[in-house]
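Geometric and topological summary
One letter stands for each residue in the lines below.
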Amino acid sequence: MLPTHDVPCPQCGKPLYSATSLEDAVIVATPESPKVENDGGGYYLRCPSCGGRVAMERLERGGRAAWRPRA
């Protein structure tokens with residue numbers, strides 16, 4: 001199993017999700033992964049601590065979709 005680290009919410013600094021790569025990408029194909037949502041403003045996650053909307057960008061990793069906070 002790969003080591004993980006917490007990716008902080010850019011708004012409150014508390015953990016947004018756990019990632020296994022240095023790119024802070026998360027693959028959302030497992031039940032315990034965060035839910036990436038989509039609306040007119042694009043893809044986003046809701047911070048479980050502050051409820052803030054964190055914009056996400058889609059990446060391709062090994063033929064699977066992965067997500068990381070948009071800069």
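What comes next concerns the included structure. (Residues numbered from 1 in each chain as written. Predicted model: local features only at pLDDT ≥ 70, side-chain atom pairs only at ≥ 80, totals over all residues. Heavy atoms only, no water.)

Some points on the overall build of the chain
Looking only at helices and strands, one finds zero helices and six strands in the chain. From first element to last, N terminus to C terminus, the chain shows the α and β order β-β-β-β-β-β. In terms of C-alpha radius of gyration, the chain reaches 12 Å, essentially the compact-globule figure of 11 Å for 71 residues. Here the C-alpha coordinates of the chain stretch approximately 30 × 25 × 25 Å along the principal axes. Burial statistics for the chain: of 71 residues in total, 28% are counted as buried. Entry remark: accessible area of the chain is about 4700 Å², with carbon and sulfur atoms responsible for 52%. (Helix = DSSP H or I, 4+ residues; strand = E, 2+ residues; numbered from the N terminus. Rg over C-alpha atoms; globule rule 2.2 N^0.38 Å. Buried < 20%, exposed > 50% of the residue type's maximum accessible area, 1.4 Å probe, protein only. Areas by Shrake-Rupley, 256 points an atom, 1.4 Å probe, with all protein chains shown as cover.)

Let's talk about the pattern of salt bridges
Side chains that carry opposite charge are capable of pairing whenever their charged atoms lie near each other. Taken as a whole, this structure holds three salt bridges when the rule is applied. In this structure, the salt-bridge partner of Glu 57 is Arg 68, at a minimum N-O distance of 2.9 Å. Taken together, the positions of Glu 57 in strand E5 (residues 53–61) and Arg 68 in strand E6 (residues 64–69) put the pair 11 residues apart, joining distant regions of the chain. For Glu 57, a relative accessible area of 26% translates into the label partly exposed. Between Glu 60 and Arg 58 there is a salt bridge, and its shortest N-O distance comes to 2.6 Å. Exposure remark for Arg 58: the relative accessible area of 46% places this residue in the partly exposed category. (Salt bridge = Lys/Arg side-chain N within 4 Å of Asp/Glu carboxyl O.)

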